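Below are the chains, spelled out letter by letter.
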Amino acid sequence: MASPLANSTVTVGGKGSSLSPSAVYAVSHGESSVSIDPAALEKLSQSKRPPPMGSTQDGPSTPLSLTAEESRAALVVLLNKLVLSDAAVRPGLPSLIVDTLNLASGLERLDFCSASGFWNSIAMLNVRNLDEIQVGREELGIFETSCAASVGVCAILDCCASALVKVVDAVAALSCEAARADVSALDLFGSGDVFSMKDETDVASDMKTLLFGSKLVGQNDSSPFSEIPTVNGSFREAVRLFHGRTRVELNSSVKVKKSIVIANHGKEKAFIASVLPLAMSIQSLCESSIGRAKSSINIISDSGLHSRVAEVFEKACPNLDDLRDQFHSVTEKAASGSNSAHVLHSVYDFLVKFRDVLAWEAVLALFSLEIDDSIERVQVDSSKDNKPNGDFVKGEKKNDKKKKKNLGKGTSTIRKLLRGSALCSSELSAENVSVLVDWASDLSKYFDPMDARLDNLLTRVKEVVESNEVRRLPKIPKGTRDFGKEQMAIRERAFSIITGVFKMHGAVALDTPVFELRETLMGKYGEDSKLIYDLADQGGELCSLRYDLTVPFARYLAMNNINALKRYQIAKVYRRDNPSKGRYREFYQCDFDIAGQYETMEPDFEVIKVLTELLDQLDIGSYEIKLNHRKLLDGMLEICGVSSEKFRTVCSSIDKLDKQPFEQIKKELVEEKGLSTEIADKIGTFVKRRGPALEILSELKEEGSQFLENTGSVVALNELEILFKALEKANCLNRVVFDLSLARGLDYYTGVIYEAVFKGATQVGSIAAGGRYDNLVGMFSGKQVPAVGVSLGIERVFTIMEELVKDRNQVIRANETQVLVAVLGKDLTLAAEIVSQLWNAKIKAEFGLTKRIMNHIARAKQSGIPWMILVGESEVSSGIYKLKNIEANQEEEIPKERIVEELQVRLGVA
């Protein structure tokens, strides 16, 4: 059965046209003829005619044997290059190539090793004398630089490989059902960042769509099935990259240069480099496909039938050892410096072998499914599918009510197409399994791009996949959250408390863009800079999503030349992190910062005081604020013998001590950061010191302390003493723990640093952090504006609050509705009149239209609405409405003129 390209004409040189791998493949197999666009020929005829070269002699070259199909493909490529070239090309040469393509035989004798040899062989095939052809220097150069043989084989290989991308998934899906495979490996979802393996997740998604509705999968777990996303995804990626290079090489124009040989050598290497990943992926596909085929055999319960099928498969299917040898042959040719056309030819042969393997996998999956009496089937329409007999297994009964297990919606379509469109008329039965060989042979032809049945299969598979049925219930990216009405009620209450505390301290609101120029963010977060989300280049600006709210605040101060500002900001930030409980990639931060010149520790004290007020008023339970000083930390590292250029990177390791034991940190310091074991041990003795603030401070200031010999440490200790005394007077020092292991890995901190940690049962880690950053604004403007701030990790606080609500069995009202106007009927105008009066009076109200009074009451109770106005026909006629207290279950009658006034009194609404 011919493909859509059969009996068509491929026109070369048309305006805006391009040569595709499928067109080259069709011409190479004699399914399409070739013509040259008349306008292109006219252009060639008007070009400057070059002088003939006369007789030319090339140096010795390696013989290059091509099949007739490969030679035909190479001729099409060369024809396209001649027509596209701006060089002086005689119209007779392209026309001569068209004549050669029309020849029935002899193409395999064409010499593609050298330009002179090629044109000589062309002349001989067309019974012409080479002197008649008169090939010029530039025309010879086009042949040399075109790499026509390699590009032609590339096109053939690309067309066949691209056609199999979806087929391997379709056949694998059939095998999953035949072998009753566990398909949990298909539960892959994109991570939403640059580390996602898109091809793997796409394969998994397509497979799940094909298997949607299947009642067969989910039982047997084995590697040939669990590796489907990885193996098939790698094949997709390799084919895509190879296809991209092939399309470019097919349609790029040729520029003749003096360094022809060098240019060719570079292209030869590029072809081999692009095809080797494809060869490796084909090898993986072979192993995986054979493994799934064996699984389909193993599911056969009849031992005699199992043995007969296994024997036929072992004899007829390509042997795995032979396939490995063939792959090794490809790599050896590539390593030995063979002509790229030789290597490409070997990979193409390898792909054809895999096509045979894939056909066997499909046949065995179909056979295993057909002999299973527990599967419900739909009879094949033989009149549509060109098969004399719709039955695949002799004696199969149709529409048996006991057959209740369904195939997937996609796989049932694939099964019907593969078994119903097969040309082989041999009837397969449990007694005559040798017919499997004929079926495998026919399916191998089915998977050839020139077979129209394949085009039909790919079209139907595409329709199934794009129907998106399995993805009607979408998922959100990992590390993000949706918030329902109850959760939003908690969040809004928390935001209200937080905003109230910030405003009580005189802070003003500020908002900044969700993304900044990348240069603004880079270099401010130390090793955490790798967690910044970069955006695609738009309009020549490299932008990134904001990592926090502090750097944008500093940028705002610098850009607007502001010397002092006390501000708060509540907004989302983004980090390309590994999501975990309480750790998200999109989350809110609540920032409070004070910028400007103040007395020592004046703003630091207020920021920490704000932090304690926030956590106390949010009523989340026990917490502690770990505190340290960057200058004290640097002094400690200097005392231990760490060089100053390693301070920040060592700090990033020390900052992990709340999650990892010191022995693991020590290993990182020694093996990755290059510290000696002695220095790492000395650091360990210091960072283990933590306790009540004034107590640890006293120990560090004792006579003989090494910290008193370090200038930076002395400054830090004096500042901390001022801070601790102020916090003590404010009755919040009891919340502070002096912890020398606290490092805060961000590069911009210069003074006091702190971190709030929740001490309750819900493990969420740090819930707030901050510190002094005197140099950050200066990094943008050169003008120093000291600043100190704190950021509340509100998402983790929400996690705690939600857990507390559950523990306390609290009922969360998602709405604030005070009154439900219950109209007993469908009179919308009546409801509109009453509820509008309530809204105008600033009363929060909803309305409902139904004759069933219990429905109104149920709605009010479910939503926690305290009051309800009942209005039916009698209430309208009398002008007396019923006002119902839902909780007390009491009603009273109120004239409609006074209903708003009465509700204002009861609700305390002015």
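Because the structure is predicted, anything quoted here is derived from the model rather than measured.

Helices and strands together make up the secondary structure of the protein, namely 35 helices and 18 strands. When the 910 residues of the protein are sorted by exposure, 52% land in the buried category. In the protein, of all internal contacts separated by at least 6 residues, the share reaching a separation of at least 24 is 75%. Carbon and sulfur atoms make up 49% of the accessible area of the protein, which amounts to about 41,500 Å² in all.

Residues in a regular strand point their side chains to alternate faces of the sheet. Of the pairings in the sheet, the one linking strand E14 (residues 819-823) to strand E15 (residues 845-849) comprises five bridges and is parallel in character. Its bridge partner lying in E15, Val-821 is registered against Phe-847. Where the polypeptide runs from E14 across helix H32 (residues 828-840) and back to E15, its parallel neighbour, the crossover connection is right-handed.

This brings us to the pattern of salt bridges. Pairs may arise between side chains of opposite charge once their charged atoms sit close together. What the rule picks out here adds up to 40 salt bridges. Where Asp-451 meets Arg-453, a salt bridge forms, and the shortest distance between an N and an O atom there is 2.8 Å. Among the residues examined, Asp-451 registers a relative accessible area of 6% and is labelled buried. Where Asp-616 meets Arg-735, a salt bridge forms, and the shortest distance between an N and an O atom there is 3.0 Å. Taken together, the residues Asp-616 in helix H23 (residues 602-618) and Arg-735 in the loop between helix H29 (711-729) and strand E10 (736-739) connect sequence positions 119 residues apart. Its relative accessible area of 25% is what places Arg-735 among the partly exposed residues. Look at the salt bridges and you will find they share partners, linking Lys-166, Asp-169, Asp-206 and Arg-236 into a network.

Moving on, we come to the packing of aromatic side chains. Any two aromatic rings considered together are summarised by their centre-to-centre distance and by the angle between their planes. Scanning the model with the defined rule gives 10 aromatic pairs in all. Between Phe-502 and Tyr-568, the aromatic rings sit 5.5 Å apart at their centres with planes inclined by 35 degrees, giving tilted as the arrangement. With Phe-502 in helix H20 (residues 485-504) and Tyr-568 in strand E6 (residues 565-574), this residue pair connects regions lying 66 residues apart in the sequence. The residues Phe-502 and Tyr-568 share a single accessibility class, namely buried.

The next subject is the nonpolar core. Judged by nonpolar contacts, the single largest core of 141 residues is most densely connected at Phe-235, Phe-354, Leu-418 and Phe-447. Ignoring any residue separated from it by four or fewer positions in sequence, one finds Phe-235 in contact with Ala-161, Leu-164, Val-165, Val-168, Leu-278, Ser-281, Ile-282 and Leu-285. Membership of the second largest hydrophobic core comes to 78 residues, among which are Leu-611, Phe-647, Ile-665 and Phe-738.

Helix length check: helix H14 (residues 320-335) (16 residues) gives 23 Å between terminal C-alpha atoms against 22 Å at 1.5 Å per residue, within 8%. Within H14, burial applies to Leu-323, Phe-327, Val-330 and Ala-334. Down the axis of H14, the sector holding all buried residues measures 50 degrees, keeping them to one side. Residues Glu-332 and Ala-335 are exposed on H14 and point more than 90 degrees away from its buried face. For H14, the side-chain oxygen to backbone nitrogen distance between the N-cap and Asp-321 is 2.7 Å, and the N-cap itself is Asn-319.

Taken in spatial order, the five strands of this open sheet run E15-E14-E16-E17-E18, and their pairing is mixed. Edge positions in the sheet fall to E15 and strand E18 (890-895), since each of these pairs with one other strand and no more. Averaged over all neighbouring strand pairs, the angle between strand axes comes to 25 degrees, with direction disregarded. Sheet analysis places E14 next to strand E16 (residues 867-871), joined by five bridges and oriented parallel. Bridging from a neighbouring strand, Leu-820 pairs with Met-868 of E16.

Our focus in this paragraph is unusual backbone geometry. Of note, the phi angle at Lys-842 is positive, near 65 degrees, even though the residue is not glycine. Since its relative accessible area comes to 66%, Lys-842 is described here as exposed. Residues other than glycine seldom take positive phi values, yet Asn-889 does so here, at roughly 55 degrees. Residue position: Asn-889 is located in the loop between strand E17 (880-885) and E18.

Relative to E18, E17 runs antiparallel, the two being bridged by six bridges. The residue of E18 that forms the bridge with Lys-884 is Glu-891. Once E17 ends, the chain turns through four residues before running back antiparallel as E18, passing Asn-889 with a positive phi of about 55 degrees.

A cluster of nonpolar residues, Leu-828, Trp-839, Phe-847 and Leu-849, forms a patch on the protein surface that exposes about 360 Å² of accessible area. Among the elements of the structure, H32 and E15 are those that each provide at least two residues to the nonpolar patch. Relative to the helices and strands, Phe-847 is located in strand E15.

In space, the nine strands of this open sheet follow the order E3-E6-E7-E13-E12-E11-E8-E10-E9, with mixed pairing throughout. Looking at strand neighbours, the two that pair on one side only are strand E3 (508-509) and strand E9 (690-692), the edges of this open sheet. In this structure, strand E8 (residues 623-629) lies alongside E10, joined through three bridges in parallel fashion. Each bridged residue has a counterpart across the sheet, and for Leu-627 the counterpart in E10 is Phe-738.

Next up on the list: the packing of helix H15 (residues 340-370) against helix H18 (residues 435-446). The N-to-C vectors of H15 and H18 enclose an angle of 125 degrees; their axes lie 8 Å apart at closest approach. On the basis of the axis angle, H15 is oblique to H18. In this structure, the crossing between H15 and H18 has a hand that is right-handed. Between H15 and H18, the residues in contact are Arg-355, Asp-356, Ala-359, Trp-360, Ala-362, Val-363, Leu-364, Leu-366 and Phe-367 and Leu-436, Val-437, Trp-439, Ala-440, Leu-443 and Ser-444, respectively. Partitioning the contact of H15 with H18 into residue classes produces 12 nonpolar, one polar and two charged.

All right, on to the packing of H20 against helix H31 (residues 794-807) then. Packing of H20 against H31 brings their axes to within 10 Å, and their N-to-C directions diverge by 120 degrees. In this view, H20 runs oblique relative to H31, as classed from their interaxial angle. Between H20 and H31 lies a crossing whose hand is right-handed. Within the contact between the two elements, H20 uses Gln-487, Ile-490, Arg-491, Arg-493, Ala-494, Phe-495 and Ile-498 and H31 uses Ile-794, Glu-795, Phe-798, Met-801, Glu-802 and Val-805.

Right, let's get into helix H33 (residues 853-863). Taken together, the buried positions of H33 are His-856, Ile-857 and Ala-860. Looking down the long axis of H33, one finds its buried residues gathered within 95 degrees of arc, a one-sided arrangement. Along H33, exposed side chains directed more than 90 degrees from the buried face belong to Met-854 and Gln-862. In this fold, the buried residues of H33 make contact with E14, E15, E16 and E17. Among the residues trailing H33, Gly-864 stands out with phi positive, at a value near 75 degrees.

As a further point, take the environment of Val-165. Structurally, the position occupied by Val-165 is in helix H8 (residues 148-178). Sequence separation between Val-165 and Leu-458 is 293 residues, and the spatial gap between their C-alpha atoms is 9.7 Å. In this structure Val-165 touches Phe-235, Arg-236 and Val-239, once residues within four positions along its chain are discounted.

The next point concerns the side chain of Arg-546. Residue placement: Arg-546 occurs in the loop between strand E5 (543-545) and helix H22 (550-559). Here Arg-546 sits buried without a salt bridge, and the closest side chain of opposite charge, Asp-511, lies 4.5 Å off (N-O distance). In this structure the side chain of Arg-546 is engaged in a polar contact, spanning 2.6 Å, whose partner is the backbone oxygen of Lys-572.

Summed over all chains, the structure comprises zero disulfides. The closest cysteine sulfur to the non-disulfide-bonded Cys-154 is located on Cys-147, 9.6 Å from its own sulfur. Residue classification places Cys-154 among the buried residues on the basis of a relative accessible area of 1%.

Glancing now at the confidence of the model for the protein. Should pLDDT be low for a region, the predicted coordinates there are not to be read in detail. Per-residue confidence for the protein gives a mean pLDDT of 83, with 88% of residues at or over 70. The low-confidence segment residues 258-263 (pLDDT under 50) makes three contacts with residues lying over four places distant or belonging to another chain. In this model, residues 380-401 is a region of pLDDT below 50 whose contacts with residues beyond four sequence positions or in other chains number 44 contacts.

Analysis parameters
- Within each chain, residue numbers correspond to sequence positions counted from 1 in written order.
- Totals for whole chains, interfaces and linings use every residue, but because this is a predicted model, local features are given only for residues with pLDDT of at least 70 and side-chain atom pairs only at 80 or more, for both listing and counting.
- Side-chain numbers come from the whole structure's heavy atoms, not from hydrogens or water.
- Secondary structure follows DSSP: runs of H or I at least 4 residues long count as helices, runs of E at least 2 residues long count as strands, and numbering of each begins at the N terminus.
- Accessible area is worked out with a 1.4 Å probe on protein chains only. A residue is then buried under 20% of its type maximum, exposed over 50%, and partly exposed in between.
- Residue contacts are defined here by distance: any two heavy atoms, one from each residue, within 4.5 Å place the two residues in contact.
- In this description, accessible areas are obtained by the Shrake-Rupley approach with a 1.4 Å probe, and a residue is regarded as covered only by the protein chains that are shown.
- We call two strands paired when DSSP finds no fewer than two bridges between them.
- Clockwise travel from the first strand over the helix to the second, with the strands pointing away from the viewer, marks a crossover as right-handed.
- Salt bridge, as used here, is a side-chain nitrogen of Lys or Arg placed within 4 Å of a carboxyl oxygen of Asp or Glu.
- Here a pair means two rings of Phe, Tyr or Trp (six-membered ring of Trp) with centres within 6.5 Å. Their orientation is stacked below 30 degrees between planes, edge-to-face above 60, and tilted elsewhere.
- Definition used in this section: a nonpolar core is a set of buried Ala, Val, Leu, Ile, Met, Phe, Trp, Tyr and Cys residues joined via side-chain atoms within 4.5 Å.
- For a helix, the expected span equals 1.5 Å multiplied by the residue count minus one.
- The directions from the helix axis to the C-beta atoms form the arc being described.
- Two N or O atoms count as a polar contact when they lie within 3.5 Å, although within protein this holds only if one can serve as hydrogen donor and the other as acceptor, and sequence-adjacent residues are included solely when both atoms are side-chain atoms.
- An axis is simply a line fitted to the C-alpha atoms; with a helix, the fit covers only the stretch in contact. Between two such axes, the angle follows the N-to-C directions and lies from 0 to 180 degrees.
- Nonpolar side chains (Val, Leu, Ile, Met, Phe, Trp, Tyr) are joined into patches within 5 Å and like charges within 9 Å, using only residues with over 30% relative accessible area and no salt bridge.
- Roughly parallel here means an angle under 35 degrees, roughly antiparallel means over 145, roughly perpendicular means 65 to 115, and every remaining angle is called oblique.
- Handedness of a crossing is defined here by the sense of rotation of the near helix relative to the far one, left-handed for an anticlockwise turn of less than a right angle and right-handed for a clockwise turn.
- Three residue categories are used. Nonpolar comprises Ala, Val, Leu, Ile, Met, Phe, Trp, Tyr, Cys and Pro, charged comprises Asp, Glu, Lys and Arg, and polar comprises the others, including Gly.
- In this tally, Asp and Glu contribute negative charge and Lys and Arg positive charge; neither His nor the terminal groups of the chain are included.
- By disulfide we mean two sulfur atoms from cysteines, separated by a distance within 2.5 Å.
- Values of pLDDT, which run from 0 to 100, indicate the predictor's confidence residue by residue.

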